[in-house]
Amino acid sequence: QVQLVESGGGLVQPGGSLRLACAASGTIFSVGVMGWYRQAPGKERELVATITITSSNTNYADSVKGRFTISRDNAKDTVYLQMNSLKPEDTAVYYCLLEDRWPATKQYWGQGTQVTVSS
């Protein structure tokens with residue numbers, strides 16, 4: 001059983017920055033991937049960034065590459081998303097994802113945190 005608690009969302013002006021954090025707790029057997037997704041009103045949830053835990057390989061959506069950075073603090077069981085140069089189109093609810101691979105793949109999601117970038 002895994003719980004993900006997100007923090008760091010809020011209202012910022014274009015060009016501003018936010019740092020999201022997602023703290024994981026509970027029984028985690030073998031984390032394969034952690035990541036951030038977002039969903040704007042009327043749109044499908046889309047990938048923002050992922051990090052492969054073993055190799056630390058990262059993947060970013062083209063729309064955020066160069067502006068956002070995903071990282072993980074293993075000691076604190078926390079994943080971060082540093083968001084710089086924010087744009088109005090970044091406005092969405094951001095969700096943290098943890099994928100446990102053993103004994104079978106299982107996904108856990110955070111509650112979501114609102115990020116609003118004013119136009």
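Details of the structure are given in the entry above.
Residues numbered from 1 in each chain as written. Predicted model: local features only at pLDDT ≥ 70, side-chain atom pairs only at ≥ 80, totals over all residues. Heavy atoms only, no water.

**Student:** What should I look at first to understand the overall build of the protein chain in this one?
**Tutor:** Along the protein chain, the regular secondary structure elements total zero helices and 11 strands. Taken from N to C terminus, the helices and strands of the protein chain fall in the order β-β-β-β-β-β-β-β-β-β-β. For the protein chain, the C-alpha radius of gyration of 14 Å lies close to 14 Å, the compact-globule estimate for 119 residues. Counting all 119 residues of the protein chain, 43% fall into the buried class. Within the protein chain, counting contacts between residues at least 6 apart in sequence, those at least 24 apart form 53% of the total. For the protein chain, the accessible area works out to roughly 6400 Å², and carbon and sulfur atoms hold 46% of it. Averaged over its 11 positive side-chain charges, the protein chain has a centre that lies 3 Å from the centre of its 10 negative ones. (Helix = DSSP H or I, 4+ residues; strand = E, 2+ residues; numbered from the N terminus. Rg over C-alpha atoms; globule rule 2.2 N^0.38 Å. Buried < 20%, exposed > 50% of the residue type's maximum accessible area, 1.4 Å probe, protein only. Contact = heavy atoms within 4.5 Å. Areas by Shrake-Rupley, 256 points an atom, 1.4 Å probe, with all protein chains shown as cover. Lys, Arg positive; Asp, Glu negative; His and termini not counted. Charge placed at Lys NZ, Arg CZ, Asp CG, Glu CD.)

**Student:** Looking at this structure, I do not really get the environment of Cys-22. What am I missing?
**Tutor:** Tracing the chain through its elements places Cys-22 in strand 3 (residues 18–26). Since its relative accessible area comes to 0%, Cys-22 is described here as buried. C-alpha of Cys-22 to C-alpha of Leu-47: the two residues are 25 residues apart in sequence and 16 Å apart in space. If we ignore the near neighbours within four places in the chain, the residues touching Cys-22 are Leu-4, Val-5, Glu-6, Trp-36, Asp-77, Thr-78, Val-79 and Cys-96.

Note that all results are geometric; they support no functional claim without further evidence.
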